[in-house]
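Commentary on secondary and tertiary structure
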Amino acid sequence: MTATTASAPSPGGWRRGLAKLRRRPVASAGFVGVVIVYLFAPLIVMVAFSFNSSPRLSFPFAGLSLRWYEEIFTDTLVLRAFRRSLQAAVVTAGITGVLGLLGALGILKIAKRARGFILAISAAPLAVPGLLFAIGLAIMYRQIGIERSIWAANLGHALIALPFVFLVVGASLERFRFTLIEAAQDLGASRWHAFRTVTLPLVLPAVLGAMLLAAAISIDDFVIAFFTAGQDKTLPLIMYGRVLKGIDPTLNAIGTVMLVLTTSLAFMAARRTTIGER
Amino acid sequence: MSDVSRYTEHPAIRLDGVTKRFGAVLAVDDVTLKIEEGEFFSLLGPSGCGKTTTLRMLAGFETPDEGSVYLRGEDVTLVQPNKRATNMVFQNYELFPHMTVFNNVAYGLKLKKVPKREITERVNDMLEVVGVGGLGKRAADQLSGGQQQRVALARALINRPAVLLLDEPLSALDVKLRKRMQLELKSIQETLGTTFVYVTHDQEEALLMSDRVGIMNEGVLLQVAAPRTIYEQPADDFVADFVGTLNELTIRIEKVEGERGLVASGDQERIWMDLPGGGTVGDIVRLAVRPEALQLTPRREWDGSPDLSHTSGTVSDVIYLGPFTQFLVNSERLGRMLSQRVSDAEAAAIRPGMQVIVSWHPDTAFMLAGPAADTR
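What you are looking at is a predicted structure, and each value in this text was computed from that prediction instead of being measured.

So, how was this worked out
Every chain begins its residue count from 1, and numbering advances along the sequence as written. The order in which chains are written sets their letters, starting at A; the order in which ligands are written sets their numbers, starting at 1. The predicted nature of this model means local features are confined to residues of pLDDT at least 70 and side-chain atom pairs, given and counted, to a pLDDT of 80 or more, with totals for whole chains, interfaces and linings taken over all residues. Here the side-chain values reflect all heavy atoms present in the structure, with hydrogen atoms and water set aside. Contact criterion: two residues are considered in contact whenever any of their non-hydrogen atoms come within 4.5 Å of each other. By buried area we mean how much accessible surface two parts lose on assembly, using a 1.4 Å probe and totalling the loss over both. Salt bridges, as used here, are contacts in which a Lys or Arg side-chain nitrogen is within 4 Å of a carboxyl oxygen on Asp or Glu. We call two N or O atoms a polar contact when they sit within 3.5 Å, provided that within protein one can donate a hydrogen and the other can accept it, with sequence-adjacent residues counted only if both atoms are side-chain atoms. The helix count covers DSSP runs of H or I at least four residues long, the strand count covers runs of E at least two residues long, and both are numbered beginning at the N terminus. Here, expected helix span is obtained from the residue count minus one, scaled by 1.5 Å. Any two strands with at least two DSSP bridges between them are considered paired. In this description, a line fitted to the C-alpha atoms serves as the axis of each element, helices being fitted only across the stretch in contact, and the angle between N-to-C directions of two axes falls anywhere from 0 to 180 degrees. Where each domain starts and ends follows an automatic or database-derived domain assignment. Each Phe, Tyr or Trp ring (for Trp, its six-membered ring) is paired with any other whose centre lies within 6.5 Å, and the angle between the two planes then decides the class: stacked below 30 degrees, edge-to-face above 60, tilted in between. For every residue, the accessible area obtained with a 1.4 Å probe (protein chains only) is divided by the maximum for its type, and the residue is called buried under 20%, exposed over 50%, and partly exposed between those limits.

1. A short note on the interface of chain A and chain B
Taken together, the contact pairs 20 residues of chain A with 22 residues of chain B. Between chain A and chain B, the buried area comes to about 1,800 Å², and carbon and sulfur atoms account for 57% of it. On the surface where chain A and chain B come into contact, there are 2 salt bridges. At the boundary of chain A with chain B, the tally comes to 9 residue pairs in polar contact (both at pLDDT 80 or more). Looking at the side of chain A that touches chain B, the elements with two or more residues in it are α9 (179-186) and α10 (191-220) of chain A.

2. What to know about helix α8 (residues 150-174) of chain A
Spanning 25 residues, α8 of chain A covers 35 Å between terminal C-alpha atoms, matching the ideal 36 Å at 1.5 Å per step. The backbone nitrogen of Trp151 of chain A has a side-chain oxygen 3.2 Å away, supplied by the residue at the start of α8 of chain A, namely Ser149 of chain A.

3. Observations concerning the sheet that holds strand β18 (residues 324-331) of chain B
Residues and elements named next belong to chain B. Ordered in space as β16-β20-β17-β18-β19, the 5 strands form an open sheet in which the pairing is antiparallel. Lying at the two open borders of the sheet, with one neighbouring strand each, are β16 (295-298) and β19 (335-342). Averaged over all pairs of adjacent strands, the angle between strand axes in this sheet comes to 45°, irrespective of strand direction. The pairing of β18 with β19 spans 8 bridges and is antiparallel.

4. A look at the sheet that holds strand β13 (residues 260-263) of chain B
Whenever strands of a sheet pair, they do so through backbone hydrogen bonds, lying parallel or antiparallel. All names here are of chain B. The antiparallel open sheet is built from 3 strands, whose spatial order is β12-β13-β14. Looking at which strands have only one partner, the edges of the open sheet turn out to be β12 (255-257) and β14 (271-274). Neighbour to neighbour, the strand axes of the sheet diverge by 25° on average, direction disregarded. Of the pairings in the sheet, the one linking β12 to β13 comprises 3 bridges and is antiparallel in character. Its bridge partner being in β13, Glu257 is matched across the sheet by Arg260.

5. A word on the domain arrangement of chain A
A common way to express how large an interface is: the accessible area buried when the components associate. All names here are of chain A. Assigned domains of chain A: these are domain 1 (10-67) and domain 2 (69-277). Using C-alpha coordinates to define each centre, domain 1 is positioned 33 Å away from domain 2. At the interface, 10 residues of domain 1 touch 10 residues of domain 2. Both faces considered, domain 1 and domain 2 share a buried interface measuring about 890 Å² in area, 67% of it formed by carbon and sulfur atoms. The tally of links from domain 1 across to domain 2 stands at 0 salt bridges. Our enumeration of links across domain 1 and domain 2 arrives at 7 residue pairs in polar contact (both at pLDDT 80 or more).

6. Here's the deal with the packing of aromatic side chains
Residues and elements named next belong to chain A. Per the stated rule, a full pass over the model turns up 12 aromatic pairs over all chains. Relative to Phe195, the ring of Trp192 has its centre 5.9 Å away and its plane inclined at 25°; by these criteria the two rings are stacked. On the criterion of helical spacing, the pair formed by Trp192 and Phe195 is a turn pair, its members being 3 residues apart in helix α10. On the accessibility criterion, Trp192 (56% relative accessible area) is exposed. On the accessibility criterion, Phe195 (21% relative accessible area) is partly exposed. Both rings, one in Phe226 and one in Tyr240, keep their centres 5.7 Å apart while their planes meet at 90°; by these two values the pair is edge-to-face. Placement of the pair is Phe226 in helix α11 (residues 223-228) and Tyr240 in helix α12 (residues 235-244), with a sequence separation of 14 residues. On the accessibility criterion, Tyr240 (35% relative accessible area) is partly exposed.

7. Quick notes on the pattern of salt bridges
Two side chains carrying opposite charge are able to pair once their charged atoms lie near each other. A complete count under the given rule lists 22 salt bridges over all chains for this structure. For Asp75 of chain A, the salt bridge is made with Arg242 of chain A, and the minimal N-O distance between the two is 2.8 Å. Of the two residues, Asp75 of chain A sits in the loop between α4 (67-74) and α5 (76-108) while Arg242 of chain A sits in helix α12, which places them 167 residues apart along the sequence. Judged by its relative accessible area of 15%, Arg242 of chain A is buried. Across the salt bridge formed by Glu301 of chain B and Arg300 of chain B, the nearest N and O atoms sit 3.7 Å from each other. One exposure class covers both Glu301 of chain B and Arg300 of chain B, and it is exposed.

Here it is as structure tokens:
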């Protein structure tokens, strides 16, 4: 007895060790692991097969290769679609950034009670299936005579991304200390100068973050483009076309490129919007 | 602005019948006030008394519904904040978080198109004056509370305002730093000679720093006077109670000798009071005495000085506050009384249950519910 207590590395002995073990959340960590594998398995499979040298989509791997990437980056159809998707992303970000900021600034001038109502209404489209917006847009475009094109799709993307931008910018302005503007005016600044030197630099990170989010939504979109883009096919439309002809290994490569693009946009957006807080 | 003599002709600030309503709430009620050039003036009152609204009307953030605001004789009632020669130190400092300390302080000078070299010089000088020299390159959101406070002061003072407005600038600091900043603010004000209008709800702070104090409650300016007058000759019950703890004694006059009244002349009881307007036997009066004016003497050591007002009682509680000790005394005639004194050996000798004589000099007591307003 005396010998064991003397040699024990920590006082308390095995009881303490057991208690520590019990406190360690082994089971919950395992469960979270299962969920994560389930969530990411399709993506992991897709990314893995995009580097497979064989066109057969089955294990075992024949070998590592970049041939599918080479193929898509020399395919003018894919490249053109890629450019269209990027264009749509930039235009969507531009439109929603300007409208989102103006809208969010405008709503601050409205009485508190009305503000909640307007925020709720503008967030409502988030709950409406994109398909309904897409069909509605297609019908509306036909009525007013807008041809199906990438520009028509751009407007649609701006439409579905705007609520996100509006909410993100609105939330950042909600935390904005308006006495800062008073401080600027007190020091001699006009309203415009105060906006330019104080308000804008402080809300800009949130606006940029929201714009990145809008770009990611645009790149990701299939439904709106399907109904409104016509022959100006974006990346998701090209992929859909290929899926119809059977699973093609280039799909994995295109998919992986899109995955990198949208997740990095979303990641940057998340960083921007949290750094913008104060 | 170049004519210096104009400054001396007019007070720095004149409020003339200024009234401000927010909906049905009367925030500021017919306030008339003059603040002299170079004065350290405090607006003191509980939260919601209208002191901050008054300050914001001086800055131009609020427009009075009635009345006028004059700055060095000029009517600025409708002038926008960016066109007024006032600058403000905000309660939460409101430093621009995306700028360096230097750019925060330089903000006003840049707007005035001051040459770059002069800006650099003046900003660095001002940072020295307020005690944060060398912090110019620091981001404004990386400062401690005390440093932010100093930078906010520098940012306002560098514009050489006719009047500096301070909205509870020390309320966010811890006690120790607050005490130090009170003295520093006072000394900066004396050095620069700028008129300060200081809003606070802390009566100690107002009494310590100000040349004159204006006390507000429910939108009304109750008394404007020097700190000593406010404390020793408060205009009414509210002022008396707000600027310090009071013992309120309700007393029936039993004898009148000229302008003095006497209550309960006895072996262990004798209370004198001034009756400037004369008085009648049988009148019920309310007398107030500050706790620090009350002396406690163990009953057996009482020598019976006839000139002191005194009454007998029993110590019920002793409250040790560090530098001070407070005593709760139950007096047979006057009820509960609070006495306060420096924590010395004599204070330590007084214990709960002890029979004591509570005494005070008649001059330290004042009548409540009297007029005696002192408005310059």
